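# An overview of the molecular structure
The residues making up each chain are set out below.
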Amino acid sequence: MNNEHNPVALLVTQIQQKWLQDVSPHDEVNWVRWLIKPEQARLYEGFLKLESSPHGIIPDIPVVLLTPFVDSKVHSKNLISDWLESFKNDERLKEQIEGNFLQFDWDPDYFKQKLKNKEGDFDSLLIEFLASFQKALPNPEQHLVMALFPYTVQATEDYKNWMETMLGLGMPPKTRLMVFDHHPKNYFESVQIKHKATCKSLWIDLDLDGAMKKIAMSGDPNDPEVQFRECMIEMGNSTAKNNRKRLHLWGEKGLEVTQKTGNKTAFATAHGVYAGMLFQFKEYDTVDKLLRRGLAIAKQGKASGDDTANAIILQLYAYMASSAHHQNEIEKATELFCEQAELAISFGLGQQALAIYINAYTLIKKKNPPRYKELLKRAFDYGRTLPEEQLKSSGIGQIAWDYYNSTQGTTLRTIDSFMVDLEGKDWKQKMERQAQNMKNSISIS
């Protein structure tokens, strides 16, 4: 695969080379910690996807698990369960293991039965599981890597305790545990220090911003789209460096570039991007002026038949609401969110409208409780009109839960009946767990 002209692919290659250099030659390494910046998590996710495909180059067999970390007492059991499910459905993994016409003879039934024992020692079972899987590999010298990339970690200390338990039990020969840690937080540094003989921490100073800039700037330098991408990048750099004067310079240039195109949606977008960057400097007079002008331009584009203006119209309303909120104009911000929601409905974006209503009623809750309840009812009543397939991936559960906890009488029964049909009898318990998880969780991505 030729990555010579793909800046992001070259960064993934650096990650691969780091593994080949610092991990592959060392059989004794059984715990590998990648130190990564949170904003670069997607890059490492790309590395894992590549290594789980026929195009991977590291000699190890990685099995990637996204299992959220809930509690050290159940994590090993959850990992085994998810691995079994993944193995049953993942033909790519089987193809990778059975390369060169070698057969992979491994029977998962033994572990399926063991999982049914509620009193089982699942940490030890996971060790046995890894040993069994690795021994079944066609090449007995090949390392098996359990790569953990959890969507959420509810408690980093407990997650660290789980790792300590696994290493204390002793990872089987030819197996490794790959985990990810945030730089510069270094949550799991103590594991590295305690088990330094068999643990390895990897860090690469990847220039993701530079790679993205190269991609953004590819193409004809005289193309207004390429020129505006440069303006956005430089506006972002100026904001990051707290350079207001330079931000204004590139913001005005962005307006000039897009105005010349005659494309009202692009011109309105330039206003939105420029205004969004100015939030950091709290220059709200200029922000509001840009947003009003941008909205007027976007509406002109919409009136001329350009439906691509819909997205920027909604974005500009969101910015206007945020600006009002930052200026402590709560009633105004709430009304702008409501206008945004109504527009989303008119554009056929029901799921997005529900998310906007959540912003509106959450914002007004403390300042105006009657308005809060009114918006809850409006959001719930609208949500009930949407098709079930849209509701499954919408914010209706949150809306129903908030409404349920702020009303009484027959309305309670109406909400409960609707949600039981949609999510099952335990919908309230699910929402309680979700609310608790939101309080406690940290995201790895």
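Our structure is the block above this text.
Figured I'd write up the structure that's included with this text.

Scoring rules and cut-offs
- Once a new chain begins, its residue numbering starts again from 1 and follows that chain's sequence as written.
- Under the rules for a predicted model, residues below a pLDDT of 70 receive no local features and side-chain atom pairs below 80 are neither given nor counted, while totals for whole chains, interfaces and linings still include all residues.
- The basis for every side-chain value is the complete set of non-hydrogen atoms in the structure, without hydrogens or water.
- Strands here mean DSSP runs of E at least two residues long; helices mean DSSP runs of H or I at least four residues long; both are numbered from the N terminus.
- Every helix has an expected span of 1.5 Å times one less than the residues it contains.
- Working definition: with a 1.4 Å probe on protein chains only, accessible area under 20% of the residue-type maximum means buried, over 50% means exposed, and in between means partly exposed.
- Whether two residues are in contact is decided by their heavy atoms: any pair within 4.5 Å suffices.
- Strand pairing is assigned whenever DSSP identifies at least 2 bridges connecting the two strands.
- With axes taken as lines fitted to C-alpha atoms, and helix axes fitted only over the stretch in contact, angles between N-to-C directions fall between 0 and 180 degrees.
- Put simply, two rings from Phe, Tyr or Trp (the six-membered ring, in Trp's case) pair if the centres are within 6.5 Å, and we call them stacked under 30 degrees between planes, edge-to-face over 60, tilted for the rest.
- Roughly parallel here means an angle under 35 degrees, roughly antiparallel means over 145, roughly perpendicular means 65 to 115, and every remaining angle is called oblique.
- Should the near helix be turned anticlockwise from the far one by less than a right angle, the crossing is left-handed, and should it be turned clockwise, the crossing is right-handed.
- Following the grouping adopted for this structure description, the nonpolar residues are Ala, Val, Leu, Ile, Met, Phe, Trp, Tyr, Cys and Pro, the charged ones are Asp, Glu, Lys and Arg, and the polar ones are all others, Gly among them.
- Any carboxyl oxygen of Asp or Glu within 4 Å of a side-chain nitrogen of Lys or Arg constitutes a salt bridge here.

## Focus: helix α13 (residues 284-303)
The end-to-end C-alpha distance of α13 is 28 Å, a good match for the 28 Å that 20 residues give at a rise of 1.5 Å each. The set of residues buried in α13 consists of Y284, V287, D288, L290, L291, G294, L295, I297, A298 and G301. Elements in contact with the buried residues of α13: α11 (244-261), α12 (264-278) and α14 (309-326). G305 sits one or two residues past α13 and shows a positive phi near 105°.

## A word on the environment of K135
With respect to the helices and strands, K135 occurs in helix α6 (residues 122-135). When the C-alpha positions of K135 and W106 are compared, they lie 9.0 Å apart, and in sequence the two are 29 residues distant.

## Notes on the pairing of strand β3 (residues 144-148)
The buried count for β3 comes to five of five residues, which makes it a mostly enclosed element. Judged by which residues are buried, β3 turns out to be covered on both faces: L144, M146 and L148 on one side and V145 and A147 on the other are all buried. Judged from the five bridges that link them, strand β2 (residues 61-65) and β3 form a sheet pairing that is parallel. Residue pairing in the sheet places V64 in a bridge with A147 of β3. Here β3 pairs with strand β5 (residues 175-182) via four bridges, running parallel. Residue V145 lies in a different strand from β5, and its bridge partner there is R176.

## Let's talk about the sheet that holds β5
One open sheet accounts for five strands, arranged β2-β3-β5-β1-β6; its pairing is parallel. Two strands in the sheet have a free side with no partner beyond their single neighbour: β2 and β6 (199-203). Put simply, the sheet's adjacent strands are angled 25° from each other on average, direction ignored. Pairing between strand β1 (residues 31-36) and β5: six bridges, direction parallel.

## Some points on the packing of aromatic side chains
The description of an aromatic ring pair rests on the distance of the ring centres and on the angle between the ring planes. Inspection of the entire model under this criterion finds 25 aromatic pairs. Note on W106 and F129: the rings are 5.4 Å apart at their centroids and 80° apart in plane angle, and the pair reads as edge-to-face. One end of the pair, W106, is in the loop between α4 (91-97) and α5 (109-115); the other, F129, is in helix α6, with 23 residues separating them in the sequence. Aromatic side chains F129 and F133 sit 6.4 Å apart centroid to centroid with 15° between the ring planes, which places their arrangement in the stacked category. Taken as a pair, F129 and F133 lie in helix α6 at a separation of four residues, close to a single helical turn. Relative accessible area serves as the criterion here: at 0%, F133 is assigned to the buried category.

## Quick word on the packing of helix α16 (residues 350-364) against helix α17 (residues 369-383)
It is at 9 Å that the axes of α16 and α17 come closest, and there the two elements cross at 165°. What the angle tells us is that α16 and α17 run roughly antiparallel. The two elements α16 and α17 cross, and the hand of that crossing is left-handed. Where α16 abuts α17, its residues G350, A353, L354, Y357, A360, Y361 and I364 lie against P369, R371, Y372, L375, L376, R378, A379, Y382 and G383. Considering only residue class, the contact of α16 with α17 consists of 12 nonpolar, two polar and two charged.

## Some words on the packing of helix α10 (residues 224-240) against α12
Packing of α10 against α12 brings their axes to within 10 Å, and their N-to-C directions diverge by 10°. Between α10 and α12, the angle is such that the two are roughly parallel. Facing α10, whose interface residues are F228, M232, M235, G236 and T239, α12 presents T269, A270, V273, Y274 and M277. Of the residues belonging to the contact of α10 with α12, the class tally is seven nonpolar, three polar and no charged.

## A short note on the pattern of salt bridges
Enumeration according to the criterion identifies 24 salt bridges in this entry. We note a salt bridge from E256 to K260, for which the minimum N-O separation is 3.5 Å. Of the two residues, E256 and K260 are both situated in helix α11; the distance of four residues between them amounts to about one turn of the helix. Residue classification places E256 among the partly exposed residues on the basis of a relative accessible area of 43%. Residue class for K260 comes out exposed when judged on its relative accessible area of 67%. E374 is the salt-bridge partner of R378, the closest N and O atoms lying 3.5 Å from each other. Of this pair, R378 and E374 both sit in helix α17, four residues apart, roughly one helical turn. Overall, R378 belongs to the partly exposed group, its relative accessible area being 29%.

## Concerning the environment of A309
With respect to the element layout, A309 can be found in helix α14. We classify A309 as buried; its relative accessible area is 0%. C-alpha of A309 to C-alpha of L295: the two residues are 14 residues apart in sequence and 9.7 Å apart in space. Dropping the residues within four chain positions of it, A309 is found in contact with T265, A298, G301 and K302.

## Section: the side chain of S76
Summarising the element assignment, S76 is placed in helix α3 (residues 75-89). The buried category is assigned to S76, whose relative accessible area is 1%. Beyond its immediate chain neighbours, meaning those up to four positions away, S76 contacts F122, D123, L126, W162 and M166.

Remember, this is a structural readout, not a statement about activity or role.
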